[in-house]
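# Structure at a glance
Each chain, written out:
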Amino acid sequence: MRNIVLIGFMGTGKSTVGRRLAQSLAWNFADTDYEIGEVTKLSVSEIFRRHGETRFRSEERIVVERLSQEEKLVIATGGGTVLNPSNWRALAENGIIISLYATLEVILNRIGHRNDRPLLRNTREEIESLWSERQPYYEKADFTIDTTFKTIDEVVSEILALLGGMAIHEFTRMAKD
Ligand code: S3P
């Protein structure tokens, strides 16, 4: 049985949606940032501050490799996780990849002042170019859901409908074989 992997920019709701989706499916849930914190005993911003982004990315790589081997797991990734081709390969090999999209305007509104993400401490222009540079990576997902004007529950329902549709499709195909 495969995993469900949520990708997308910071603030697109990957963790909240993922947790609720896992509940609905009675699957387990894992968040790569949380797992990195468990392994290193440091918060994401502390790792960036004390050891730099390179160290964070190598811890992330190890966590992704481990989680990719699991089954029936909803995995919420960090915004930069799938930029590493090895992470993409591992996650895609055993999972369906769903990208959560939102406009930068909405993302910045959602995040507001509660901002403890190291990469969002940059200027508006820098965040904007990060957002643009990353879209081609997110667009490679199996499915994309535009979350811009949707509540968390609406996004979860849309994913469940998508999965339901896939299951029916696979069932029909099996019956024909
Ligand atoms: C990052 C996103 C963060 C976290 C780290 C780097 C990124 O995760 O992994 O701060 O490169 O976009 P969220 O997308 O969950 O905020």
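Computed from a predicted structure; not experimentally measured. Position numbers for residues count from 1 along each chain, tracking the sequence in the order it is written. In keeping with the model being predicted, local features are shown solely for residues with a pLDDT of at least 70 and side-chain atom pairs are shown and tallied solely at 80 or more, while totals for entire chains, interfaces and linings include all residues. The side-chain numbers reported here are obtained from all heavy atoms of the structure, hydrogens and water having been left aside.

### Looking at the site of the ligand
Short version of the rule: Summary of the distance rule: residues count as near a molecule or strand when at least one heavy atom falls within 4 Å of that molecule or strand. In protein, a polar contact requires one atom able to donate a hydrogen and another able to accept it; more generally it is a pair of N or O atoms within 3.5 Å, and residues adjacent in sequence count only if both atoms are side-chain atoms. Using a 1.4 Å probe, accessible areas were evaluated by the Shrake-Rupley method; residue-level cover was limited to the displayed protein chains. Three residue categories are used. Nonpolar comprises Ala, Val, Leu, Ile, Met, Phe, Trp, Tyr, Cys and Pro, charged comprises Asp, Glu, Lys and Arg, and polar comprises the others, including Gly.
Around the ligand there are 13 residues in total, and Lys14, Asp33, Arg57, Arg117 and Arg134 lie nearest to it. Within the contact set of the ligand, an oxygen atom lies 2.6 Å away from a side-chain nitrogen or oxygen of Arg57. Within the side chain of Arg134, an N or O atom sits 2.5 Å from an oxygen atom of the ligand. Surface burial for the ligand is 95%, taken as the share of its 390 Å² of free accessible area covered by protein chains. Of the residues belonging to the shell around the ligand, the class tally is 5 nonpolar, 3 polar and 5 charged.

### Topic: the nonpolar core
The test is simple: Buried Ala, Val, Leu, Ile, Met, Phe, Trp, Tyr and Cys residues that are joined via side-chain atoms within 4.5 Å together make up what is termed a nonpolar core. Burial classes: relative accessible area under 20% of the type maximum marks a residue as buried, over 50% as exposed, and values in between as partly exposed (1.4 Å probe, protein chains only). Contact criterion: two residues are considered in contact whenever any of their non-hydrogen atoms come within 4.5 Å of each other.
Counting 31 residues, the largest nonpolar core has Ile7, Phe9, Leu91 and Ile97 as the members making the most contacts within it. Ignoring any residue separated from it by four or fewer positions in sequence, one finds Leu91 in contact with Val5, Val64, Ser68, Ile75, Thr77, Thr81, Val82 and Ile97. Judged by nonpolar contacts, the second largest core, of 15 residues, contains Leu6, Trp27, Ile98 and Ile145.

### Some details on the sheet that holds strand β3 (residues 73–76)
The following threshold applies: Each pair of strands is called paired provided DSSP finds at least two bridges between the two strands. Going along the chain from the N terminus, every DSSP run of H or I of four or more residues is numbered as a helix, and every run of E of two or more is numbered as a strand. Whenever a helix is involved, its axis is fitted only over the stretch in contact; in every case the axis is a line through C-alpha atoms, and angles between N-to-C directions fall within 0 to 180 degrees.
Pairing is parallel across the open sheet formed by 5 strands, whose spatial order is β2-β3-β1-β4-β5. Because the sheet does not close on itself, it has two edges, and the strands there are β2 (28–31) and β5 (143–146). Within the sheet, the average angular offset between the axes of one strand and its neighbour, ignoring direction, is 20°. Strands in contact with helix α5 (residues 85–93) are β1 (3–7), β3 and β4 (95–101); relative to β4, the strand with the most contacts, it is inclined by about 120°.

### So, the packing of helix α2 (residues 32–40) against helix α4 (residues 53–68)
So the rule is basically this: What sets the label is the angle itself: under 35 degrees gives roughly parallel, over 145 gives roughly antiparallel, 65 to 115 gives roughly perpendicular, and the rest give oblique.
Interhelical geometry of α2 versus α4 gives an angle of 110° and a closest axis separation of 9 Å. Taken together, the axes of α2 and α4 are roughly perpendicular relative to one another. Listed contacts from α4 to Thr32, Asp33, Glu35, Ile36, Val39 and Thr40 of α2 are Arg55, Phe56, Glu59, Glu60, Val63, Val64, Arg66 and Leu67. Its residues assigned to classes, the contact of α2 with α4 shows 6 nonpolar, 2 polar and 6 charged.

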